[in-house]
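# Structural description and commentary
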Amino acid sequence: MKFAFFLLVCALALPAQERFAGSPELDEAIEEAIKNDQIPGAVLIVGQPGKILHRKAYGSRALMPAREPMALDTIFDVASLTKIVATTSAVMALFEDGKIRLADKVTDYLPDYQGGKSDATIRQLLVHFSGLRPDVDLKPKWSGYDTGIRLALIDRPVAEPGQRFIYSDINFVLLGEIVRKVSGKPLDQFVAERVFQPLGMKDTRFNPPPALRKRIAPTERVEGQILRGIVHDPTARYMGGVAGHAGLFSTAADLSRWAEMMLESGQRNGGPRIFSPLTVRKFTEPNTPPHQPILRGLGFDIDSPFSSNRGELFPVGSFGHTGFTGTSLWMDPVTNTYVVLLSNSVHPRLRRAISPLRARVATIAAAALGVEAQDVLLTSYLETAQGTPPRRMIARTVKVMTGIDVLEAEGFARLKGRRAGLITNHTGRTRDGRRNIDAMLAGGVNLTALFSPEHGLLGTEDHENVGHGKDEASGLTVWSLYQGKDRKPSPAMLNEIDVLVFDIQDIGARFYTYSSTMKNAMEAAAAANKDFIVLDRPNPINGVHVEGPMVDEDLITFVACTVMPLRHGMTLGELARMINTEDKVGARLEVIQMKDWLRGDWWDATGLTWVDPSPSMRSLNAALLYPGLALIEYSRNWSVGRGTDAPFEQVGADWISGVELAAELNRRQVPGVRAYPTRFTPQSSNFEGKTIEGVRFVVTDREGLSGIRLGLELIGAINRLYPGQIDLDRNIRLIGSRELVEQLKAGVDPRFLEPALAEKLAGFLEKRRKYLLYR
């Protein structure tokens, strides 16, 4: 699924301890599960830093060989909670020490991994995108920590790193060994010293001593013996009880201490700081590859098939994990709440997973807090996800009023008594299809001049140096802002103008030049002391997705008017606000906002008629593919389909085998798109009149499609199949990043490039947030 972002908004009017009223419902849910033999018993704590909202023990700790009542201080085999509480904590500590970097290869720490020939990274182990199987082979039976590590090092991946999500214990077996190698101490000793002891987690440990046996909840009968104080997971058991994926024992009280620390950004109740707030945020925000159908933090689950314990009301952006033995922990930074549910559902035999119970408990807890499920797009959290939304937007159809419609509905009052110049082209139309020029004149606006961008007023001129002219219908002069280097209104052009109005449909890509025309005109207006009004229009490929690379500052040109990423996820009105402030343009700027447009809306949601924004931009599909396919358009020996009936939906050249290139691209499983071989004959542009082979693209999931990933995969495939054919340096202004060009030349896998580019968006996303106008 790929994801357009929602976050739930919390309505919290009273202090939580006065408002929390979920205890009867929580009691009922757990007691019903015990009655139905889903679990023998449980301990539940719902809390917030500094306060316990609900704490209770239920049912039985043991059923065999004799029934024992559950107690609050029961110690549980927490199974895969080991992954976050122990192993991820240890990795966080070493990350802060500067001893582990997320982008480092696993082989940098474990040289024998895959014979030293793997590109998998630490990040991919943490988010389960390494390509490894769920577990090592357990037959024939083996024993010993070193044997377990050896099996993990040589286990053959079933997918390429970064290709797809496979929840794998092997990932954390390897991470536990990396902690040992880097710290010089076994995982259990290191995490106890760095985390458990400072937090006072006195009952949390691997291999609990016999003295604690009576307090431990037993698990399954294995080979005639009820496991009690011995780890249930067979791999961890074979490894001697200490492994990165399982083996930890703990109590609900200890896990509450750890959860409070995480919610308080690395510090518990004013106690010792364990992690910095930035580290906590880094590890708990989405870190999965962009445009993947699940969301995982570094170690933490956020939104995946395994996140049942988030329930129905805690927002995406909360985080936690589950354990096979019947344990779970969920933390929500929005309500500052955690839910610890510990049971031993595998005692004395395996039962069905308790996912429904976990979800029910979390939902009841959230409801008691007053959390309301609302379909509200919250951009602040959206931006923590590297510009990539984790939830799909609900498709909708509305009647969007663009800036010109809003201005007309107001009777053009803002322009009364003022001489106006209009920067526009054929896309400047009202909702009912009238030209903005005609609507403004009919409304009594004193239009004194028109200005046109690239492709001219009619949008038909596909060449450099568009000349000045006259609009036949109105008789107004049309000043071209696309003539050689003269792409800014001159002072003489503005003499008879009080206000410049900009109304052009953009498509949301950095190198589409209408934003550059807007910036140039803003600068001219500021210099001439003229007002500047932007009549806003939708971003047709939505205002949610943001994709790198960021353009280098010294590569600011007419195809990159400011420091921004390839796909900026903004409207031109929002972009104008950002440029005016960040680039210190200083224009007297006003943006006439649209009505009824939301950030997650694609063009087809607006109810507006598509007008080709430029001669070769003929469909929404083309607009979506354009950011990726146009990256190397400056190559003279390459066609992006200009001069055909499907520009920017197909590519080709006279040195390409369409069958070969399509097979290579499809082998790479690029999210959201498939390719098939084709032949086409451009009637203009490169290869004019010549039939060439290439590939045509089918968008299979537009929410899942990453334009930059497609572009990088296309370049990578060409470099592998047809080395030397594409001159990447010639395309530096389109690609926008010298570092990326060098990485592409070196053959770095796009699966590694895309997450790195997404990480570099953080500064832009923070800056961008201030200028957004729509939710």
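Residues numbered from 1 in each chain as written. Predicted model: local features only at pLDDT ≥ 70, side-chain atom pairs only at ≥ 80, totals over all residues. Heavy atoms only, no water.

## Here's the deal with the nonpolar core
In a soluble, globular protein the nonpolar side chains are often hidden away together inside. Formed by 101 residues in total, the largest nonpolar core has its most connected members in Phe 532, Trp 638 and Phe 697. Not counting residues up to four positions away in its chain, the partners in contact with Phe 532 are Ile 423, Val 499, Leu 500, Phe 502, Met 518, Ala 521, Met 522, Ala 525, Arg 588, Leu 589 and Glu 590. Listed in part, the 87 residues of the second largest apolar core include Phe 129, Leu 151, Tyr 238 and Ala 246. (Core = buried A, V, L, I, M, F, W, Y, C linked by side-chain atoms within 4.5 Å. Buried < 20%, exposed > 50% of the residue type's maximum accessible area, 1.4 Å probe, protein only. Contact = heavy atoms within 4.5 Å.)

## A closer look at the packing of aromatic side chains
Inspection of every chain in the model, using the stated rule, returns 16 aromatic pairs. With a centroid separation of 5.4 Å and 70° between ring planes, the pair formed by Phe 95 and Phe 283 is classed as edge-to-face. Here Phe 283 lies in helix 10 (residues 277-284) and Phe 95 lies in helix 3 (residues 81-96), a separation of 188 residues in the sequence. Looking at Phe 95, the relative accessible area reads 26%, which means it is partly exposed. By relative accessible area, Phe 283 is classed as buried at 0%. Each ring, one from Tyr 482 and one from Phe 558, has its centre 5.9 Å from the other, and the planes form 40°; the classification is tilted. Of the two residues, Tyr 482 sits in the loop between strand 19 (477-480) and strand 20 (499-503) while Phe 558 sits in the loop between strand 22 (547-550) and strand 23 (565-567), which places them 76 residues apart along the sequence. On the basis of relative accessibility, which here comes to 4%, the residue Tyr 482 falls in the buried class. (Phe/Tyr/Trp six-rings, centres within 6.5 Å; stacked < 30°, edge-to-face > 60°. Helix = DSSP H or I, 4+ residues; strand = E, 2+ residues; numbered from the N terminus.)

## Let's talk about the packing of helix 3 against helix 10
Where helix 3 contacts helix 10, the two axes come as close as 11 Å, and the packing angle between them is 130°. Taken together, helix 3 and helix 10 sit at an angle that is classed as oblique. Relative to helix 10, helix 3 is oriented so that their crossing is right-handed. Residues Thr 88, Val 91, Met 92, Phe 95 and Glu 96 of helix 3 pack against Thr 279, Val 280 and Phe 283 of helix 10. Tallied by class, residues from the contact of helix 3 with helix 10 come to five nonpolar, two polar and one charged. (Axes fitted to C-alpha atoms, helices over the stretch in contact; angles between N-to-C directions. Parallel < 35°, antiparallel > 145°, perpendicular 65-115°, else oblique. Left-handed = near helix turned anticlockwise from the far one by under 90°. Nonpolar A, V, L, I, M, F, W, Y, C, P; charged D, E, K, R; others polar.)

## A look at the confidence of the model for the protein
Per-chain confidence: the protein averages 92 in pLDDT, with 94% of residues scoring 70 or above. Between residues 1-19, whose pLDDT stays under 50, and residues either more than four places distant or in other chains, the model counts 87 contacts. Segment residues 372-393 is flagged for pLDDT under 50; beyond a separation of four residues in sequence, or across chains, it makes 95 contacts in the model. (pLDDT = per-residue confidence, 0-100.)

## What to know about the sheet that holds strand 19
Pairing in this open sheet of seven strands is mixed, and the strands run 18-19-17-16-20-21-24 from one edge to the other. At either margin of the open sheet sits one strand with a lone partner, and together these are strand 18 (469-470) and strand 24 (588-592). Sheet strands in contact with helix 15 (residues 514-527) are strand 16 (419-424), strand 20, strand 21 (531-535) and strand 24, and its direction is about 155° off that of strand 21. Helix 16 (residues 572-582) rests against strand 20, strand 21 and strand 24 of the sheet, and its axis sits at about 160° to strand 24. (Pairing = 2+ DSSP bridges.)

## Structural notes on unusual backbone geometry
For the bond from Lys 139 to Pro 140, the omega torsion is -5°, close enough to zero to count as cis. Structurally, the position occupied by Pro 140 is in the loop between helix 4 (122-126) and helix 5 (145-154). The amide bond that connects His 347 to the next residue, Pro 348, takes the cis arrangement and shows omega of -5°. Within the element layout of this structure, Pro 348 appears in the loop between strand 14 (337-343) and helix 11 (355-369). If you check the backbone angles, Ser 685 has positive phi at about 65° while not being a glycine. Relative to the assigned elements, Ser 685 resides in the loop between strand 26 (673-680) and strand 27 (692-699). For Ser 685, a relative accessible area of 38% translates into the label partly exposed.

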